[in-house]
Amino acid sequence: MVIVGAECEEYQLTLDDIDSSLVFMYTPVTEEGVKGEPQYAITDFVKAAVPSVNNVRIIGDAIEGNVIKGVGTYFGGREGPSKFEWLREHKENGDFLLVSTGTSEYTLVNEDVGQRLAFVYIPINFEGQEGESALVVSQVVKRAPPKVTNLKIIGDLREGSKVTVTGIVIGGSEGSSRVQWFKTSSSMLKDESLLEAVSTSKIAKAFRVPLGVVGFFIVAKFTPMTPDGESGDAAYVISERAVETLPPSLNFLSITGDYSEGEILTASYGYVGGHEGKSICNWYLHQVETDSGTLIPEVSGILQYRITKDTIGKFISFKCIPVRDDGTVGEPKACMGTERVRSGSPRLLSLQILGEAVEGITLSVDKKYWGGEEGESVFRWFRTSSDGTHSEIKGATTASYMLSLDDIGFFISVSCEPVRNDWARGPIVLSEQIGPIISGPPTCHSLEFVGSMVEGQRLSFVASYSGGERGNCIIEWFRVKSNGVKEKLIAEEYLGLSIEDVGRYIELIYTPVRNDGMRGSPASIKSEVIAPGDPMGVELIIPDCCEAIEIIPQKTYFGGEEGDGKYVWYRSKDRLHESTFLDLSTSDDDVLTCGNTLKYTPTLEDVGAYLALYWVPTRADRKCGKPLVSLSNNQISPAAPLVSNVRVKELSSGIYSGEGDYFGGYEGSSLFSWYRETNEGTIVLINGANSRTYEVMDPDYNCRLLFGYTPVRSDSVVGELKLSEPTDIILPELPKIEMLALAGKAVEGDVLTAVEVIPKSEIQQHVWGKYKKDVKYQWLSSLDIEDSSKSYERLSSQHSCSYKMRLEDIGRFLKCECIVTDLFGRSSEPAFAETGPILPGIPRIDKLEIEGRGFHTNLYAVRGTYSGGKEGKSKIQWLRSMVGSPDLISIPGEIGRMYEANVDDVGYRLVAIYTPIREDGFEGQPVSASTDPIAVEPDVLKEVKQKIDVGAVKFEVLCDKDRSAKKVPGVGTLERRVLEVNRKRVKVVKPGSKTSFPTTEIRGSYAPPFHVETFRNDQHRLRIVVDSENEVDLMVQTRHMRDVIVLVIRGLAQRFNSTSLNSLLKIET
């Protein structure tokens, strides 16, 4: 195959030549064009070059979320499966770590922000031979502005429902983004101006649908934001359908008020489902919360209810049936009171004594109580003698009182302190007295047994007698069998119970007898069934014991129905004799009490010790028998080791402690470990961290810590490893500002510089050096001058560390706020530094300049920037300065800010000297400004040049004939004159008339002291002075004419001037 274009002696091998032989054909040709016999040479088979790549580069912008691509130019045969690698620069050490392989494209993610990426191209030919790799590094990846995608409105589109907008926020956080809700009648999302806002912009993503949007579509405006306040483009999402109205319903129902007798309860509810009609409301009473309740008809349709006494102890509920204004009825809803109704404060409405004032009669109390259910109200009875002596009757504390012998001849009254059934007390009330008390018949008011109704016990009695002085009362004891048959026993004060009395009753008949022999009505009392003897324990055994396993002893009881016996568990290091526990007063000091119930669960303290159970058998009537003691045969064995409630506790900044609740015998050398959990959820063991406490290191920041606890029992038995819950994300200590200082003087015009002082602690020095992101400043100014309360307002544009004080700051206080932000987006507490009142600066004028067009007919103004307090009456003086001379010529009377130039200023620089003066009279340094040399106004210049070029010119002027040369010009008779000017001299000629010839009034050359004067107060006048004796004042019609005359004369007289006027007029001489 002929290689097209290969017609030179040299040939560059290409990719197509690989695995082929090349044949070089040489055909000799003479100058005449005669060809000879061609000659051939053949090469070996061409081999591919070693794979290589050049011009490796990365295409695409290094911004979060973008896709970048690595490309390069391959060389070395046909390219095979070349390899591509993407590496990310490590923040700490600058090394590049592999993040992706196998593809030349890479999507930038959040982890790449602030770092560089490297693209590695490893060339490989078709045969698999690998060449030298090439690497290129990208720019630092920038964070993308936040944006939101996949917006959705989730929730029931009905009135009163809660809807939520969700989306995927890229480059920010959903928690920082803001949402605003709108309504629209269109199902298509159009311009925002057509939307009606129904909420303000908030961080909350949920929205409660109000009644006002029923029938409308709702629109959510989602503005993605970063935590530091950067916002992205807002996105909108519209609901799929219009908001529907709900059936009438209640979204809340509550009862407020004090649930106490006499108080008012108020019901309130929230209605949804269109516009409310006449909803049905009722109150109910409930014995328990679960019953249906009883209607309270008198408060139907009313939202308030006053609690009455009959509701005490009951529950109150309120039920509402929602009704829409079109009559549609919704589901009823009820609200139960939070507690039962309580009673009111107790008090007595009335108190009196009922009964006859006769000894032996029982008086009772008649009272009216209010305030809930009455409890045990306190009564006190009083005895009053005829002389008014008042004393309390001891023991009389009930609502009734039996008049006794001691009461005869006295008056009786009672007091009552009302007490509610919950022990609340009211004010004490005293009744009126009754009496005097008279004697009554002998009577036994009460009769009671004294003694235990148990076999072997002795019974006696107590009788309450009234009716004068007691005589020999009659006593009779009877034994009553179960069939009712009585057996009379003795007539003594006491009765001893025997075996025959067990299971039977004892009856006592008491007949009161007065000392005069008069008998009263007998009284009787019958005992309960006589009980059997004392209880006793027969058997008590403790089984084998283990830590945390409940022990249930085996026991046998005798002695009637068993009651709640007394149980005491003891722990001892050694197995002691049972008698040790029976006599606790002589027990060993090593014996400790550890339980008081029949069943007992051994604890850690019991492991390795013996247990003993002390039992006092008790009958159902609480009668106790002889105590028994049982001991365990073996020591308590420990449980298997385990740990629970493994947790991490922060001891101080950067120092954490691992904790856990160990169980299973005595703990030995348990094993501890610490783990680091990355944001991806990977848990990595921290080498060398094997103690309970752990001090945070730099690799832990932005990760979470876990504490590992492997329980080991004292006998080296190992339990299962337990990990704690991860801690919050570990972050370094927040940068702090120890003090903020202001450098500079608090004087107007000076610059204050805020300088923050970093704490000297090692932690803070490290945090500032490694994790500080930026320092923000905000300058503030007090609202009023000399404001003692120092209320400040922010200076919106002052955010640098320096601040130049202005005029408006004088007398005010300045404050600088400084906040430091770390790399994790956290901000420190603001530090402040403030000045005293700002003082005015030394008065000075800056940027002083003279404004004007530069011609002799223009108006000039001095401009400058004053500083140094409020400006007072500053001084300005206008002067002339000759070009090339340092001398200044004062212009009398020119001390204003404005100056009107005139023909005298031509060729001079105008100089203004500005002396700044503060309003208090303090003077600053004077400052001067000057113009360029004043030029002649162009129209005047043109005319002047023409007349000077001619060399001789006449002007018509006016002269006051009555005015002497020495007088100030005034009103007089003006006469016409001719002013003749040539290169040698000037003369004023009075023109001739019919009766006279022309007359020369003044003539002179230009030699000094010849000069021409002008008048600032009259622009039409000029004065020609030849010498001290010859001068003339002339008048012209215009300033223009005056200026032309003056300039022509001065131009012709220029050879006598130090500065050539012709040079200023640009006239060649």
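Residues numbered from 1 in each chain as written. Predicted model: local features only at pLDDT ≥ 70, side-chain atom pairs only at ≥ 80, totals over all residues. Heavy atoms only, no water.

Caption draft 1: Here's a closer look at the overall build of the chain. Looking only at helices and strands, the chain has 5 helices and 71 strands in total. Along the first, second and third principal axes, the C-alpha atoms of the chain reach 190 × 130 × 75 Å. A total of 1069 residues make up the chain; the buried ones form 40% of that total. Restricting to contacts in the chain with at least 6 residues of sequence separation, those with at least 24 account for 59%. (Helix = DSSP H or I, 4+ residues; strand = E, 2+ residues; numbered from the N terminus. Buried < 20%, exposed > 50% of the residue type's maximum accessible area, 1.4 Å probe, protein only. Contact = heavy atoms within 4.5 Å.)

Caption draft 2: Structural view of the nonpolar core. Grouped together as the largest cluster of nonpolar side chains are 32 residues, with contacts concentrated most on F955, L979, V981, I1024, L1034, V1048 and I1049. When contributions to this core are tallied by element, the ones reaching two or more residues are α3 (938–950), β65 (952–960), β66 (974–982), β67 (985–990), β70 (1018–1025), β71 (1031–1035) and α4 (1039–1052). The element contributing the most residues to this core is α4, with 7 residues. Excluding residues that lie within four positions of it along the chain, L1034 makes contacts with V957, L958, C959, L979, V988, H1020, R1021, L1022 and I1024. Formed by 20 residues, the second largest nonpolar core is a distinct cluster that contains L250, L253, L285 and C320. (Core = buried A, V, L, I, M, F, W, Y, C linked by side-chain atoms within 4.5 Å.)

Caption draft 3: A look at the sheet that holds strand β22 (residues 315–321). Read from one edge of the open sheet, 4 strands run β20-β19-β22-β23, paired in antiparallel fashion. Since the sheet does not close on itself, it has two edges, and those belong to β20 (294–295) and β23 (333–336), each with one partner. (Pairing = 2+ DSSP bridges.)

Caption draft 4: Structural detail: α3. Between its terminal C-alpha atoms α3 stretches 19 Å, which fits the 18 Å expected from 13 residues at 1.5 Å a residue. Here α3 has its buried residues at V940, V944 and I948. Burial along α3 is one-sided: seen end-on, the buried residues are contained in an arc of 60 degrees. For α3, the exposed residues lying more than 90 degrees away from the buried face are D939, K942, D949 and V950. Just downstream of α3, G951 is the residue with a positive phi angle, here 95 degrees. (Expected span 1.5 Å × (residues − 1). Arc of directions from axis to C-beta.)

Caption draft 5: Up close: the packing of α3 against α4. The N-to-C vectors of α3 and α4 enclose an angle of 45 degrees; their axes lie 9 Å apart at closest approach. With respect to their mutual orientation, α3 and α4 come out oblique. For the crossing formed where α3 meets α4, the hand is right-handed. Contacts between α3 and α4 involve D939, V940, E943, V944, K947 and I948 from the former and H1040, D1043, V1044, L1047, V1048, G1051 and L1052 from the latter. (Axes fitted to C-alpha atoms, helices over the stretch in contact; angles between N-to-C directions. Parallel < 35°, antiparallel > 145°, perpendicular 65-115°, else oblique. Left-handed = near helix turned anticlockwise from the far one by under 90°.)

Caption draft 6: Representation of the pairing of strand β37 (residues 523–526). Along β37, the buried face is formed by A523 and I525; none of S524 and K526, which line the opposite face, is buried. Pairing of strand β36 (residues 505–511) with β37, which is carried by 4 bridges, proceeds in the antiparallel orientation. Within β37, the residue paired with I509 across the bridge is S524.

Caption draft 7: Representation of a positive patch on the surface in the model. On the surface, K91, R143, K773 and K776 cluster together into a positively charged patch. Here K91 is to be found in the loop between β5 (83–89) and β6 (96–101). (Patch = residues over 30% accessible without salt bridge, like charges linked within 9 Å, V, L, I, M, F, W, Y side chains within 5 Å. Areas by Shrake-Rupley, 256 points an atom, 1.4 Å probe, with all protein chains shown as cover. Salt bridge = Lys/Arg side-chain N within 4 Å of Asp/Glu carboxyl O. Lys, Arg positive; Asp, Glu negative; His and termini not counted. Charge placed at Lys NZ, Arg CZ, Asp CG, Glu CD.)

Caption draft 8: Spatial organisation of the side chain of Q115. Structurally, Q115 is set in the loop between β7 (105–107) and β8 (117–122). Taking the relative accessible area as the measure of exposure, Q115 reaches 8% and is therefore buried. A polar contact of 2.7 Å, which involves the side chain of Q115, links it to the backbone oxygen of E111. In contact with Q115, not counting residues within four places along its chain, are R88, E89, H90, K91, Q139, V140 and V141. (Polar contact = N/O pair within 3.5 Å; in protein donor to acceptor, adjacent residues only side chain to side chain.)

Caption draft 9: Broad picture of unusual backbone geometry. The linkage connecting G435 with the following residue, P436, adopts the cis geometry, with an omega of 5 degrees. Secondary-structure assignment places P436 in the loop between β30 (429–430) and β31 (443–450). Omega for the bond connecting P1008 with P1009 falls within 30 degrees of zero, at 15 degrees, which places this linkage in the cis form. Phi angles above zero are rare outside glycine, and A548 is one such case at about 75 degrees. Looking at the secondary structure, you find A548 in the loop between β38 (536–541) and β39 (554–558).

Caption draft 10: Geometry of the state of the cysteines. In total, this model carries 0 disulfides according to the counting rule given. Considering cysteine sulfurs only, C473 is the nearest to C444, which forms no disulfide, with 8.1 Å between them. C546 takes part in no disulfide bond, and the closest cysteine sulfur, belonging to C545, lies 9.0 Å away. (Disulfide = S-S within 2.5 Å.)

Caption draft 11: Spatial organisation of the pattern of salt bridges. Applying the stated criterion to the full structure yields 52 salt bridges. Here D156 ties to R241 by a salt bridge, and the two come within 3.8 Å at their closest N and O atoms. Placement of the pair is D156 in the loop between β10 (147–154) and β11 (162–170) and R241 in the loop between β16 (235–238) and β17 (249–256), with a sequence separation of 85 residues. The exposure class of R241 is partly exposed, given its relative accessible area of 36%. The shortest N-O distance in the salt bridge between R158 and E244 comes to 3.7 Å.

Caption draft 12: Seen up close, the packing of aromatic side chains. For the coordinates displayed, the defined rule picks out 24 aromatic pairs. Ring plane angle 75 degrees and centroid distance 5.3 Å describe the contact between Y1006 and F1010, whose orientation is recorded as edge-to-face. Of the two residues examined, Y1006 and F1010, each falls in the buried class. Through a chain of ring-to-ring contacts, the aromatic side chains of F84, W86, Y106, F119 and Y121 assemble into a single cluster. Taking NZ or CZ as reference, K183 lies 4.5 Å from the ring centre of F216, over its face. Residue placement shows K815 over the ring face of F832; its charged tip is 5.0 Å from the ring centre. (Phe/Tyr/Trp six-rings, centres within 6.5 Å; stacked < 30°, edge-to-face > 60°. Lys NZ or Arg CZ within 6 Å of the ring centre and 35° of its normal.)

Caption draft 13: Representation of the environment of L740. Relative to the helices and strands, L740 resides in strand β51 (residues 739–743). The sequence separation of L740 and S996 amounts to 256 residues, and the corresponding C-alpha distance is 98 Å. Setting aside residues no more than four positions away along its own chain, L740 makes contact with A754, V755, E756, C816, C818, A831, F832 and A833.

Caption draft 14: A look at a nonpolar patch on the surface. Where nonpolar side chains cluster on the molecular surface, the patch consists of V23, M25, Y40 and I42 and spans about 470 Å² of accessible area. In this fold, I42 is placed in strand β2 (residues 39–45). When its relative accessible area of 62% is taken as the criterion, I42 is described as exposed.

Caption draft 15: A look at α4. The end-to-end C-alpha distance of α4, which contains 14 residues, comes to 20 Å, matching closely the 20 Å that a straight helix rising 1.5 Å per residue would cover. Taken as a whole, α4 has its buried residues at R1039, R1042, D1043, V1044, I1045, V1046, L1047, V1048, I1049, G1051 and L1052.

Caption draft 16: Just the side chain of S527, in detail. Tracing the chain through its elements places S527 in the loop between β37 and β38. A residue is classified by how much of its surface remains accessible, and S527, at 6% relative accessible area, is buried. For S527, the residues in contact, after removing those within four places along its chain, are F449, M453, Y505 and I506.

Caption draft 17: Representation of the sheet that holds strand β50 (residues 722–723) within the structure. Across the sheet, 4 strands lie side by side as β47-β46-β49-β50; this open sheet has antiparallel pairing. The two strands at the open ends of the sheet, each matched to only one other strand, are β47 (683–685) and β50. Pairing of strand β46 (residues 671–677) with strand β49 (residues 704–710) involves 7 bridges; the strand directions are antiparallel. Across the sheet, the residue bridging to S673 is G708, located in β49.

Caption draft 18: Just the environment of I542, in detail. On the secondary structure map, I542 appears in the loop between β38 and β39. Relative accessible area serves as the criterion here: at 4%, I542 is assigned to the buried category. What I542 contacts, discounting residues up to four positions off in sequence, is I551, W569, L611, A612, L613, S630, L631 and S632.

Caption draft 19: Focus on the environment of D1043. Summarising the element assignment, D1043 is placed in helix α4. Residue class for D1043 comes out buried when judged on its relative accessible area of 1%. Apart from residues no more than four positions distant in its own chain, D1043 is found in contact with H856, T857, V903 and V940. In this structure the side chain of D1043 is engaged in a polar contact, spanning 3.2 Å, whose partner is the side chain of R1042.

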